[in-house]
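What the coordinates show
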Amino acid sequence: MSEPIERSLFEAPPIAEQERMVEAILFASTEPVTVAELAARLPHGCDAAEALAYLRRRYEGRGVRLVRVGEAWAFRTAPDLGHLMQKEVVEHRKLSRAAIETLAIIAYHQPVTRAEIEEIRGVALSRGTIDQLLEMEWIRFGRRRMTPGRPVTFVVTETFLDHFGLESARDLPGLKDLRAAGLLDNRPLPGAMQRPDEDEGEAPDGQSELFED
Amino acid sequence: MSEPIERSLFEAPPIAEQERMVEAILFASTEPVTVAELAARLPHGCDAAEALAYLRRRYEGRGVRLVRVGEAWAFRTAPDLGHLMQKEVVEHRKLSRAAIETLAIIAYHQPVTRAEIEEIRGVALSRGTIDQLLEMEWIRFGRRRMTPGRPVTFVVTETFLDHFGLESARDLPGLKDLRAAGLLDNRPLPGAMQRPDEDEGEAPDGQSELFED
Amino acid sequence: MSDGDLFGALPERQSVTERLAAEALIVDVDGFEGPLDLLLTLSRTQKVDLRRISVLQLAEQYLGFVNKAKALRIELAADYLVMAAWLAYLKSRLLLPPDPTDDGPSAEELAAHLAYQLERLQAMREAAARLMARDQKGRDFFARGLPETVERARKVTYSATLIDLMRAYARIRTKDEFRPFVMDRDHLFTMEQALERMRGLIGYAADWSDLETWLPEGWDTNPMRRRSSLAAHFAAILEMAKRGQVDIRQGETFAPIQIRRKDAG
């Protein structure tokens, strides 16, 4: 698009360029933008209203439209495509401390039983916590432990690895790595080296497999 | 635009309509959307990759561009219009020189261990440097190295690619020249533990995997 | 070691500005990120491509630097001294004829490796600079500012990052290791102690009473001990209030804090 006739007497950019500018501003803005605000942000001599009009025409019939919200303008997806947005409507919440701790224990100690989780955390595990993690498909049931009562065990899933960007549970950093990354207070400095017993010591079986380095 | 020839034998919408749909989905999201996710959200029989190709062409030269980030796609404002966006600028914690160098070393040498980073910089990594980069989600843990001690490795993330406008880690500036100059080799001190035949050959595990095409 | 040879004489020919620069380095020793960084800076005074650097000359520049630092009584970190020892060794190896019985790496190989390390560090510095000079998100280009959500089929997703996960694990695995840092343990009353103590005593607090009357004997006179025990007991009763074991009230700002046992049921 080139409209040399539209060139302002000042040094305003061509209208096609002004349209690009308005497009970028409206796209990046966190709320609808008024014509006055647009004018204030465009270089001197620009005609925000005209650029808007061009832009609006350009998006006619597209998947996104330029719509007026009160006195301001914003991009919105075309109403007929609303059904595609269903997956977008997710509410993000942080996992509770209990859930994240339980998850961490399962990830590091898997396969692990409920009793073992409780022992490590030192508190009883509420039913909802495990249910929640199961529902999120971050953990699943593993093999039953061949001990009295044959308790079920928990392990982490592919979905879990995917979410945390891990290729396998073995790639989870060990305590030594956590210390090195500064995630762990290591006041007794190279603690991992000096007192290996504290790190690996009371770990249940599966752990040794994970951390044996 | 209408391309009746493109009509699929199934009930997939015309490609122009698919393009609109992809446009709407990508516009609605701040984060890059993977091709797989697009495919999952489009009606059955759609060709997300083809629709993306059309869409990318449509936005060439506009104020907003379609960019690739790893396996995903996103709309981003054209970099030449950054000056108009002062209002949107997010203040980043300023990275220390050590953090910036560490980041570059991880990006260019990935997957790389902490010891290798220290060897390249000739100085111990201070606590918190890796932590900071992890927290920014610019790096993550990669596969453990299959060497004694099985050290964890670090690699850069899609968030990193997105931040620096890179399609993939292969597009890092100057990567080819650095590799051709042998500056990305893992070359230990002569006579040090490793056998000399190990220097010559390939990059450490995984490196080839990441950069080979 | 004789200075009469070709390489040894070089530093003598340093210009005044280079010498000033070298002295400025000394003052600025804190600014260096380790011996390799210092070597890289010193190598710039040779004004040649890093691939053609004289490692021998560089070794001497470094040793000169370390000597000056010593003369100025500047304490150098151990790794600088380790590098100095290694460079002194390398220098002697480079100057002496090779020992035919030595089957380790030759002095030239060692020198070449050092040059390689410098070149690689320099290359990474430049790569880092190029990376940071790229257009960056949130500065030069921007994501959609107004992501859209449609009020339909609302689904709650819980998120957590790997950092959260690792911190959680670190917290569990090290909870016994954490201890408050104190210079003088005699004057410190911990929250755990206070909690332990209050748990035993709370049964007697049937009526409102000032928290300060509950401080242990011997901890209410010395100001430091008083402050520590008061803080510990305050934290302890907050914890107990959270567990529903105790009620707390305060008439107004800075008024005495009062506690009362909460009757079970």
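Residues numbered from 1 in each chain as written. Chains lettered and ligands numbered in written order. Predicted model: local features only at pLDDT ≥ 70, side-chain atom pairs only at ≥ 80, totals over all residues. Heavy atoms only, no water.

Quick word on the confidence of the model for chain A
Reading fine detail from the predicted coordinates is not recommended where pLDDT is low. Residue and element names in this part refer to chain A. Convention followed: As a per-residue measure, pLDDT reflects the predictor's confidence and takes values from 0 up to 100. Only heavy atoms matter for contacts: two residues are in contact if any of them lie within 4.5 Å across the pair.
The predicted model of chain A averages 78 in pLDDT, with 76% of residues at 70 or higher. Every residue in residues 1-8 is under pLDDT 50, and counting partners more than four places away or in other chains gives 11 contacts. Taken together, the stretch residues 186-213 has pLDDT below 50 and engages in 46 contacts with residues farther than four places along the chain or on a different chain.

Digging into the interface of chain C and chain B
The line we're drawing: A 1.4 Å probe defines the accessible area here, and the buried area is the portion of it lost by two parts on being joined, summed over both. Salt-bridge detection follows one rule: a side-chain nitrogen of Lys or Arg within 4 Å of a carboxyl oxygen of Asp or Glu. A 3.5 Å cut-off defines polar contacts: any pair of N or O atoms within that distance qualifies, except that in protein one atom must be a possible hydrogen donor and the other a possible acceptor, and neighbouring residues in sequence count only when both atoms are side-chain atoms. In DSSP terms, a helix is any run of H or I states spanning at least four residues, a strand is any run of E spanning at least two, and both are numbered starting from the N terminus. Each residue gets one label: Ala, Val, Leu, Ile, Met, Phe, Trp, Tyr, Cys and Pro are nonpolar, Asp, Glu, Lys and Arg are charged, and the others, such as Gly, are polar.
Taken residue by residue, the interface counts 42 residues in chain C and 54 residues in chain B. For the chain C face of the interface with chain B, the top three residues by lost area are Arg120, Met124 and Phe142 of chain C, together amounting to 16%. Scanning the region where chain C abuts chain B turns up 5 salt bridges. Here chain C and chain B share 13 residue pairs in polar contact (both at pLDDT 80 or more) between them. Elements with a minimum of two residues in the side of chain C that touches chain B: helix H3 (35-44), helix H6 (107-132) and helix H7 (162-173) of chain C. Sorting elements by how many residues they give to the side of chain C that touches chain B places H6 of chain C first, with 16 residues. When the residues that make up the side of chain C that touches chain B are grouped by side-chain class, the tally is 20 nonpolar, 6 polar and 16 charged.

Describing the pattern of salt bridges
In a structure, side chains of opposite charge can pair up when their charged atoms sit close to one another. Just so we agree on the cut-off: Buried residues are those whose accessible area, probed at 1.4 Å on protein chains only, stays under 20% of the maximum for their type, while exposed residues exceed 50% and partly exposed ones sit between those limits.
If you walk through the whole model with that rule in mind, you get 38 salt bridges over all chains. Here Arg97 of chain B makes a salt bridge to Glu101 of chain B, at a shortest N to O gap of 3.4 Å. Separated by 4 residues within a single helix, Arg97 of chain B and Glu101 of chain B lie in helix H4 (residues 97-109), roughly one turn from each other. By relative accessible area, Arg97 of chain B is classed as partly exposed at 38%. Ionic pairing is found between Glu116 of chain B and Arg145 of chain B, a salt bridge with its closest N-O pair at 2.7 Å. A residue pair is termed long-range when its members are at least 10 positions apart, and Glu116 of chain B in helix H5 (residues 114-121) and Arg145 of chain B in the loop between strand E5 (139-141) and strand E6 (153-156) qualify at 29 residues. The pair Glu116 of chain B / Arg145 of chain B is uniform in exposure class, with both members buried. By sharing partners, the salt bridges in this structure join Arg97, Glu101 and Arg121 of chain B together with Glu33, Asp37 and Arg125 of chain C into a single network.

Remarks on the pairing of strand E3 (residues 72-77) of chain A
Residue and element names in this part refer to chain A. Cut-off, in case you're wondering: At least two bridges found by DSSP between two strands are what make those strands a pair.
With 5 of 6 residues buried, E3 is to be regarded as a mostly interior element. Sheet analysis places strand E1 (residues 33-34) next to E3, joined by 2 bridges and oriented antiparallel. Bridging from a neighbouring strand, Thr34 pairs with Ala72 of E3. Sheet analysis places strand E2 (residues 64-69) next to E3, joined by 6 bridges and oriented antiparallel. Paired with Leu66 across the bridge in E3 is Phe75. Connecting E2 to the next strand, E3, in antiparallel fashion are 2 residues, including Gly70 with a positive phi near 65 degrees.

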